[in-house]
Amino acid sequence: MKVLILASAFSGLTQRVFKELLLLGHVVEQHYDLNETILRDQVSHFEPDIIICPFLTQRIPEDIWRQYLCLIVHPGIEGDRGPSSLDWAIFEHMPQWGVTLLQADAEMDAGDIWDTRVFDLREASKLSVYKREVSSAAVDMIKSTLKKIEQQQISPRPLDYTRPDVKGKLRPLMKQEFRAIDWQSDASHVVVGKMNSADTSPGVLISLHDYPVYLYGAIEDASRSGHPGDIIAVYKDSVCFACATGSVWIRQMKCKQHPQLPAIKLPAAQVVRQLLPAHIWSDVNIESGHSVAEEIYSEREGDITYLYFNFYNGAMNTRQCLDLKNALASIKQTDTKYIVLMGGEDFWSNGIHLNCIEAADDQAEESWQNINAMNDLVLEIIDSPDHMTIAALRNNAGAGGVIAALACDEVIIRDGVVLNPHYQRMGLYGSEYWTYLLPSKVGHRQAQTITLDCEPMLAAEAFEIGLADTVFPEEWQAFHEQLKTYCRDLSQQVDLPAFLSNKGQQRQYDESIKPLAQYRDEELTEMKRIFDDPDSRYHQERQAFVYKQKGRSVRTNADPLYGADSLQEPADTSENSPLLSTAGSGV
């Protein structure tokens, strides 16, 4: 079939839908950000059989949806309508929620129902639920519906509120007044619930020393207390606020009106340090020991250590890279034999931290420091002669994050994960020893195709070309159970001394052909040139990315440098209109 993907951004879900449809043999074109004039011209030339809208924050022009079948993914149960669907479900702690595939019509979210799915709603952020349950159901419905359309086996039904199984209803836009935190009366779990409904967009708005500040990434700490509303502790990048009972750690903040802060998400401690008067900041407890806000932690099971690094949106600033490197080095000093790199709960890794670089006084210097720290981390993974290392790609990864996984001896990927193993969309040559690691895994010709085409890659594709060694099921619990079983079997069945001997010999041979230091020097020479050029495309693309500036509307397969790709977080809109769409809210 001829399918036009119409979406507001080339988000993770949109990328997956695009590649899934191509693999099924459909002829696919894409349109982003809904430029009506361009859209009409594109539609008239392409003449699609169907228009699929995985992630849409604008209304489809009436002449388009009347002439063509337009199916929209709405992140809500059947009958649910409005722009804040998932927000309300999380806010009200609904035990179950769902996703509906509906037909565009004159009334928002009221078109015919083509399919719907229901799932148990976890206590988690909007981003997390969207990336797992919503995305999985959406892809499954789209693929199933297209197959039924081809077989002429589907008959959509009108939305009928008289049916007892239709439990949704029209909901208003969730404004900040609904999410407002009352530090004097809200317990820590209440604050976390409000923030989960707003993460990663639009965030929860508070006033901090007379500045409007948006909060993101809440972690409950019921054991800690203080005067409600006070900042009672700082741990690395996170800041702890006392609630009526308990406390909440905040990982990210955005302040739009401070002269020294760009209006982008930044580590909370970095924002607070600018906003608080010096005498107040000096009284804040700066913690150095273990904290529930720790982003890097490990679990030991026999000879296997699982290393987690749960960085917000998968971005890794200079300190985080070095902290992870040091954590890995410490684990290697123990008697563990197998090290499994698990990444975070929502992303595996997306490489260097573009927002922190944008906020730096010297952006070129911070870019240089960050990429060198990433290189140090990757070298620490490569230089593991006494351990077998495994990358468990549980979640999406991009740029240097993918390359870091390739530094491991084995790569296991969860079905449904989307990878972006390239740099050029951000105007970068790339580093992290990619010129060594990527060709070693997939061959030089395939490596060149990947880095020049700059296309997203599904788990099945990664496995097919050898970038991943094994694919495990998409369902979250099933993936982890199979991973643990696989690693236990590995530890019992692999002749580890023989494996490590072969690994050492291969590394020694590779080093004799071309030393790792040479790969690094050559890559960094290119990166240094790009960083130091104030007019380089990297600085333009980075700024466009962090400020969510719009890209071009039409994206073709021959357009590898299209800049609307969301590698580190989903598309974000203004705080006054959080993800308004005929499809309801999304992230």
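Just above sits the structure.
Residues numbered from 1 in each chain as written. Predicted model: local features only at pLDDT ≥ 70, side-chain atom pairs only at ≥ 80, totals over all residues. Heavy atoms only, no water.

Undergrad: Even after reading the chapter, I still don't get helix α5 (residues 126-150), so can you show me in this structure?
TA: Residue pairs spaced three or four apart in an α-helix point in one direction, given the helix's 3.6 residues per turn. Along its 25 residues, α5 runs 34 Å from first to last C-alpha, staying within 8% of the 36 Å computed at 1.5 Å per residue. The largest bend in α5 is about 35 degrees, located at Val134. (Helix = DSSP H or I, 4+ residues; strand = E, 2+ residues; numbered from the N terminus. Expected span 1.5 Å × (residues − 1). Bend = angle between axes of the 7 residues up to and from the residue.)

Undergrad: Can you help me understand the state of the cysteines in this one?
TA: Should the sulfur atoms of two cysteines be covalently bonded, the bond is a disulfide. One pass over the structure, following the stated rule, counts zero disulfides. With no disulfide partner, Cys70 has as its closest neighbouring cysteine sulfur the one in Cys53, 5.6 Å distant. There is no disulfide at Cys321, and the cysteine sulfur nearest it, in Cys356, is 10 Å away. (Disulfide = S-S within 2.5 Å.)

Undergrad: Hey, could you run me through the packing of helix α1 (residues 12-23) against α5 in this one?
TA: Two packed helices can be described by the angle between their axes and the distance between those axes. With their axes 10 Å apart at the nearest point, α1 and α5 run at an angle of 30 degrees to one another. Looking at the two axes, α1 sits roughly parallel to α5. Along this stretch, α1 crosses α5, giving a crossing that reads as right-handed. Between α1 and α5, the contacting residues are Leu13, Arg16, Val17, Glu20 and Leu21 on the first element and Tyr130, Ser135, Ser136, Ala138, Val139, Ile142, Lys143 and Leu146 on the second. Taken together, the residues of the contact of α1 with α5 break down into eight nonpolar, two polar and three charged. (Axes fitted to C-alpha atoms, helices over the stretch in contact; angles between N-to-C directions. Parallel < 35°, antiparallel > 145°, perpendicular 65-115°, else oblique. Left-handed = near helix turned anticlockwise from the far one by under 90°. Contact = heavy atoms within 4.5 Å. Nonpolar A, V, L, I, M, F, W, Y, C, P; charged D, E, K, R; others polar.)

Undergrad: Please clarify how the sheet that holds strand β20 (residues 418-420) should be interpreted in this entry.
TA: Strand pairing within a sheet occurs via backbone hydrogen bonds; the two strands may be parallel or antiparallel. If you trace the three strands from one edge of the open sheet to the other, you get β18-β20-β21, paired in mixed fashion. Two strands close off the open sheet at either side, each with one partner strand: β18 (397-398) and β21 (457-458). In this sheet, β20 lies alongside β18 in parallel orientation, the contact comprising two bridges. Across the sheet, the residue bridging to Gly398 is Asn420, located in β20. (Pairing = 2+ DSSP bridges.)

Undergrad: Explain the side chain of Ser11 here, please?
TA: By the secondary structure assignment, Ser11 is in the loop between β1 (2-7) and α1. Assessed through its relative accessible area of 2%, Ser11 is described here as buried. Side-chain polar atoms of Ser11 contact the side chain of Thr14, separated by 3.0 Å. (Buried < 20%, exposed > 50% of the residue type's maximum accessible area, 1.4 Å probe, protein only. Polar contact = N/O pair within 3.5 Å; in protein donor to acceptor, adjacent residues only side chain to side chain.)

Undergrad: Any chance you could explain unusual backbone geometry here in plain terms?
TA: Note: most residues except glycine have negative phi, and most peptide bonds are trans. Following Asp199, the chain continues to Thr200 via a peptide bond in cis, the omega torsion being 15 degrees. With respect to the element layout, Thr200 can be found in the loop between α7 (188-196) and β7 (204-208). A cis amide bond links Ser201 with the next residue in sequence, Pro202, at an omega value of 5 degrees. Relative to the helices and strands, Pro202 is located in the loop between α7 and β7. Here the phi dihedral of His93 falls at roughly 55 degrees; this positive angle occurs in a residue that is not glycine. By the secondary structure assignment, His93 is in the loop between α4 (85-91) and β5 (96-103).

Undergrad: It is not clear to me how the pairing of strand β14 (residues 296-301) should be interpreted in this structure. Could you clarify?
TA: Moving residue by residue along a regular strand, the side chains alternate between the two faces of the sheet. Pairing between β14 and strand β15 (residues 304-309): six bridges, direction antiparallel. In the sheet register, Glu301 faces β15, and the bridge partner there is Ile304. Remark: two residues form the turn of the hairpin made by β14 and β15, two consecutive strands paired antiparallel; Gly302 in that turn has positive phi of roughly 65 degrees.

Undergrad: Help me out: how do you make sense of the packing of aromatic side chains in this one?
TA: Aromatic rings considered in pairs are described by the distance between their centres and by the relative angle of their planes. Per the stated rule, a full pass over the model turns up 14 aromatic pairs. Aromatic side chains Tyr297 and Tyr308 sit 5.0 Å apart centroid to centroid with 10 degrees between the ring planes, which places their arrangement in the stacked category. Here Tyr297 is found in strand β14, whereas its partner Tyr308 is found in strand β15, with eleven residues between them in sequence. Tyr297 gets classed as partly exposed once you look at its relative accessible area, which sits at 30%. Here a set of aromatic residues connected by ring pairs shows up, and it is made of Phe10, Phe18 and Tyr32. Over the face of the ring belonging to Trp368 we find Lys528, whose NZ or CZ atom lies 4.9 Å from the ring centre. Taking the ring centre of Phe545 as reference, the NZ or CZ of Lys548 above it sits at 5.3 Å. (Phe/Tyr/Trp six-rings, centres within 6.5 Å; stacked < 30°, edge-to-face > 60°. Lys NZ or Arg CZ within 6 Å of the ring centre and 35° of its normal.)

Undergrad: Which parts of the structure should I look at to understand the environment of Gly427?
TA: Mapped onto the elements of the fold, Gly427 is located in the loop between β20 and α14 (434-442). Residues Gly427 and Pro456 lie 29 residues apart in sequence; the distance between their C-alpha atoms is 16 Å. Here Gly427 is in contact with Ile530, Arg537, Tyr538 and Glu541, once residues within four sequence places are set aside.

Undergrad: What is the right way to look at the nonpolar core in this model?
TA: Within soluble globular proteins, side chains that are nonpolar tend to cluster in buried spots. By size, the foremost hydrophobic cluster in this structure holds 96 residues, and its most contacted members are Met253, Leu419 and Leu467. Sorting elements by how many residues they give to this core places helix α12 (residues 363-382) first, with eight residues. With residues near it in sequence (within four places) discarded, Met253 still touches Leu208, Val213, Tyr214, Leu215, Tyr216, Phe241, Ile264, Lys265, Leu266, Ala268, Val271 and Val272. Within the second largest apolar cluster, 36 residues are counted, among which are Phe18, Val28, Phe119 and Ala124. (Core = buried A, V, L, I, M, F, W, Y, C linked by side-chain atoms within 4.5 Å.)

Undergrad: Just to check I follow, could you spell out the environment of Ala392 for this structure?
TA: With respect to the helices and strands, the residue Ala392 is situated in strand β17 (residues 388-393). Spatially, the C-alpha atoms of Ala392 and Leu71 are 34 Å apart, while their sequence positions differ by 321 residues. Discounting residues that sit within four places of it in the chain, Ala392 has contacts with Val340, Leu341, Met342, Trp348, Ile412, Phe479 and Leu483.

Undergrad: I keep staring at the environment of Ile513 and nothing clicks. Help me out?
TA: Assignment of secondary structure puts Ile513 in helix α18 (residues 496-513). For the pair Ile513 and Asp140, spaced 373 residues apart in the sequence, the C-alpha separation amounts to 47 Å.

Undergrad: Quick question: what am I supposed to make of the side chain of His480 here?
TA: Take His480: it is sitting in helix α17 (residues 476-493). With relative accessibility at 15%, the residue His480 sits in the buried group. Side-chain polar atoms of His480 contact the side chain of Arg394, separated by 3.0 Å. In contact with His480, not counting residues within four places along its chain, are Met342 and Arg394.

Undergrad: Help me out: how do you make sense of the sheet that holds β17 in this one?
TA: On the basis of which strands lie adjacent, the open sheet formed by six strands has the order β14-β15-β16-β17-β19-β22 and mixed pairing. Every interior strand has two partners, whereas the edge strands, β14 and β22 (470-472), have only one. Taking the axes of each pair of neighbouring strands and ignoring which way they run, one obtains an average angle of 20 degrees across the sheet. The pairing of strand β19 (residues 410-414) with β22 spans three bridges and is classified as parallel. Counted as the bridge partner of Ile412 is Thr470 from β22. Across the face of the sheet, α17 comes into contact with β14, β15, β16 (338-343), β17, β19 and β22 while running at roughly 160 degrees to β19.

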